[in-house]
Structures are given as structure tokens and as C-alpha cells.
Amino acid sequence: MKRILFTSWYGGLGGGETDLLALAGSLDAGDYECHLLLPTDGQLSEIWRETVGPVHIIPFRGATTFFAPAVWARFPVVKRFAKLLQRERIDLAHSDYHSLPMIAPAAQLAGLPFMFTLWGWWFTPKPWQRLFFREIPKTVARSIAIRDGYLGEPPFMPVENLPVVYPGVDTERFHPDLDGARLRDELSIERDAPLVAMVARFQPVKGHHTFQSVAKAIARQVPEARFIVAGDNVFGVAADGRYRDQILRMASANDALRERLHYIGFRDDVENVYAAADMTICASEFESLGKANLEAMACGKPIISTNRGGPAETVRPGETGFLIDPGDIAGFSRAVMRLLSDDRLREDMGRAGRAQVCARFSIEAATEAYRRIFEDLLRLNSR
């Protein structure tokens, strides 16, 4: 059995952390023992212990965008990381960005391979960082948008050295046969009321303000329509908390939204949110990938999404949903109205979306891609 240590600086459950849980949980437990390293406990560590395996807490400061590799390699926590790797007999380390400048030299001290996954929308590394990033044994990007933003123009390293591995969706958990009636009943929403959903943590870039504007526009045309938003300030960022409070105040102060728009917070049964809805919206100013779009598609729901970033790679306009310019309230509203007025179109897009996720974005496909990368790294290191 091979032991893999996954590292993350975030203790909450955003898209990247959910992907990490899905990946580790899908690896064959007979072949891999998956450990997790975090600076603090949180939602991620709690679920990891229950469903995956050991968690190690070592306080550390997450890397800034201006980190100097040679300086960070001398931080005392590097030796603590290296001792952990040796004590737990780790065979391979998998890093996020914020722990990378420390886990990379720790892995080198321990004499084991490591890799790096670009989970989010990244800056192009600074000139003094580029050699460090070029020398990482293996780097994987979560989407083409992430890869291209990271490499810059012209690319600072060959594009072929940075494969894209899309995160996988558990198509058994997210499927079209779920019953959304329970959530509607919980929220006192009529079972036949048109229902539009959004799943996103609170952050200005996620576009809750855009969703509210769209909801107001639709409410004027379809008074019986209802709207739900699932998500919270999962990372405890003060600015995101202020944004959440502002959004909630705006909704409660608006006559059209007060009884129609439901903010339901973080849900560990998010699949039931998709099941209850007729369609989902991703109103972000940009998305690295847009995992909620894939989950909703797996549940057989049509998507109305921003077209900047990852959604342009996963949503097929006119086939599985619609792509709209960020902040285009009229464009989002027209797409919602078109879907509300055409049951057949919603059904056809839902089926096409489900088929696309099963074919290209399943957890099985993502896990197999990572398994091959892990085995290649372990084989090279054993020579």
C-alpha cells in the first residue's frame, strides 16, 4: 500500500476542497492510504477523518503570491513537514498552492516525489519563482482556463508539461432521479412553482448581486417564480462575511424578493438543491472551473452560466445550457425565461448535460488520471 499526503491551507469546503475529498475517497483503499495535512481543523478535516483517513494539523502560514522559494524553504515548518513525511512513511506528497513552497523542500529532504495541482484561477508566477515551478516533478491544472492563466503569454514553460485533469463528479450521488419535493416542502415552496437555484459560497466574484437582480427581473414577469441560494462564507473571510451580510440585507429589504428568494446557507445535501430546481445559475464574474455546473448537469438540470473561465469548457451553449457575459442581467433573464417557457427544452438540455458529465467529467475518469500520475511518479522515484 502506498501512502499519499495531501496538503491544503483551506479548512472549509469550497470547490477545490470538495474535489480533494472526492479524489481521495475514490482511490482504492487497498492500494492507497490517504493522509491530509492542514494548518487548522475545520469542515474539511472533520469529513476527511470520517470518510477518508488520518489528518495531521501543523500550523503554517499559507504562501503569498510574492513568495521567494529559497526563503520559504528555510522556514522551520519545513523540517516539521519533513519529519511528518518520514514518521508516517509517506510515499508521495500532493500539494495545493499555499503549502507548496514548504512541502516541496520537505519532500526533497525526505527523498520522496511530490506534485502540485492548480485548483483555482492563478496568477502567472513571478520571474524569481519560475525556476521553482519548472522544477516541480508534476503539475496538473483543473481546467484549461486555469492552465492558461498560470502559464501566461508567452508561456513560461511548455504547455505540454501541464496536463489538464478535470475534477470528477460522483454520478451516483448526483443523478436525475433524486426527489426535490422534500426541500421544497422544507422551504414552503409550492411543488409546481418555477424554481431557479444558485450554489456558491459568498464572495463578491460569485455574483450573488447579479443573481438578485435577475431574480427581481424574473419576479416581475413570473410572480409565482421562486429562487434559492445555497452556500455560505465557508472560509471565514471577513470581507466575504460583509458581502454576505450586505446581500442578505438587500434581499430582506426588497418587496419582490422577501418572500420569493431563500438563502439556505451551507448544505451537505446540495444534490437535493439541484433536484428541487428547474434550472441553476452560475452568475460569477469568472470561474476557474464551475463545479456546481457539473453537479447540476449530473442531476439532469440545464445550466445558465457566466462564460468567463471554466464554464466555457464544460457548458455547451444551446445543448446543455446557455453561456452569458458576466453581469449581463438582461441576458441571464432572457435565458431563464426561455427555459421556464419550454419544458421540452429543459428536459433535453438536462439529458444532454447528464450524458456529458458521465462521458467526460465522472469521478472515475478523474481518479484514473490521477492514479496514473501517482504511479508514474512513484516508479520514477524508485529507480
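Above this text sits the structure in question.
Sequence positions are assigned chain by chain, starting from 1 and proceeding in written order. Given that the model is predicted, a residue must reach a pLDDT of at least 70 before its local features are reported, and side-chain atom pairs must reach 80 or more before they are shown or counted; all residues, however, enter totals for whole chains, interfaces and linings. Side-chain calculation: all heavy atoms of the structure are included, whereas hydrogens and water are not.

1. Concerning the side chain of glutamine 212
- Going along the chain from the N terminus, every DSSP run of H or I of four or more residues is numbered as a helix, and every run of E of two or more is numbered as a strand. Note that glutamine 212 resides in helix α9 (residues 208-221).
- Identification of polar contacts relies on pairs of N or O atoms within 3.5 Å, with a donor-acceptor requirement for protein atoms, meaning one able to donate a hydrogen and the other able to accept it, and with residues adjacent in sequence counted only if both atoms are side-chain atoms. In terms of polar contacts, glutamine 212 uses its side chain to reach the side chain of tyrosine 263, at 2.9 Å.
- Throughout, a contact is declared for two residues whenever any of their heavy atoms are within 4.5 Å. Excluding residues within four positions of it along the chain, glutamine 212 makes contact with Ile247, Met250, Ala251, Leu257, Leu261 and Tyr263.

2. With respect to the nonpolar core
- Nonpolar cores are built from buried Ala, Val, Leu, Ile, Met, Phe, Trp, Tyr and Cys residues. Side-chain atoms within 4.5 Å join them into one set. Throughout, exposure labels follow a simple rule: accessible area from a 1.4 Å probe, protein chains only, divided by the maximum for the residue type, with under 20% read as buried, over 50% as exposed, and the rest as partly exposed. In this structure, Phe81, Leu85, Ile103, Phe116, Phe133 and Tyr150 are the most contacted members of the largest nonpolar core, which totals 37 residues.
- Breaking this core down by element, the ones donating at least two residues are α4 (76-87), α5 (100-110), β5 (114-118), α6 (130-134) and α7 (144-151).

3. Regarding the packing of aromatic side chains
- Working definition: a ring pair exists when centres of Phe, Tyr or Trp rings (six-membered ring for Trp) sit within 6.5 Å. Plane angles under 30 degrees give stacked, over 60 give edge-to-face, the rest tilted. One pass over the structure, following the stated rule, counts 21 aromatic pairs.
- On the numbers, 4.8 Å between centres and 35° between planes, the contact of tryptophan 72 with phenylalanine 75 is tilted.
- You can call phenylalanine 75 partly exposed: its relative accessible area is 27%.
- Of the aromatic side chains, those joined through ring pairs into one cluster are Phe67, Trp72, Phe75, Tyr97, Phe116, Phe123, Phe132, Phe133, Tyr150 and Phe156.

4. A short note on the sheet that holds strand β9 (residues 261-265)
- Strand pairing requires that DSSP identify at least two bridges connecting the strands. The strand order across the open sheet formed by six strands is β9-β8-β7-β10-β11-β12, and the pairing between neighbours is parallel. Taken across any chain shown, the strands that pair with only one partner, and hence form the sheet edges, are β9 and β12 (321-324). Averaged over all pairs of adjacent strands, the angle between their axes in this sheet comes to 20°, without regard to strand direction.
- Here strand β10 (residues 279-282) pairs with strand β11 (residues 303-306) via three bridges, running parallel. From the neighbouring strand, cysteine 282 faces β11, where its bridge partner is serine 305.
- Together, β7 (195-199), β8 (226-230), β9 and β10 form the strand contacts of α9, whose direction differs from that of β8 by roughly 170°. Axes, fitted as lines to C-alpha atoms, cover a helix only where it is in contact. Angles between the N-to-C directions of the axes lie from 0 to 180 degrees.

5. What about the pattern of salt bridges?
- Criterion for a salt bridge: a side-chain nitrogen of Lys or Arg within 4 Å of a carboxyl oxygen of Asp or Glu. What the rule picks out here adds up to 22 salt bridges.
- Across the salt bridge formed by arginine 191 and aspartate 185, the nearest N and O atoms sit 2.5 Å from each other.
- Look at aspartate 185 and you get partly exposed, because its relative accessible area is 40%.
- Where arginine 316 meets glutamate 319, a salt bridge forms, and the shortest distance between an N and an O atom there is 3.4 Å.
- You can call arginine 316 partly exposed: its relative accessible area is 35%.
- Via salt bridges that share partners, Asp19, Arg142 and Lys291 belong to a single interconnected network.

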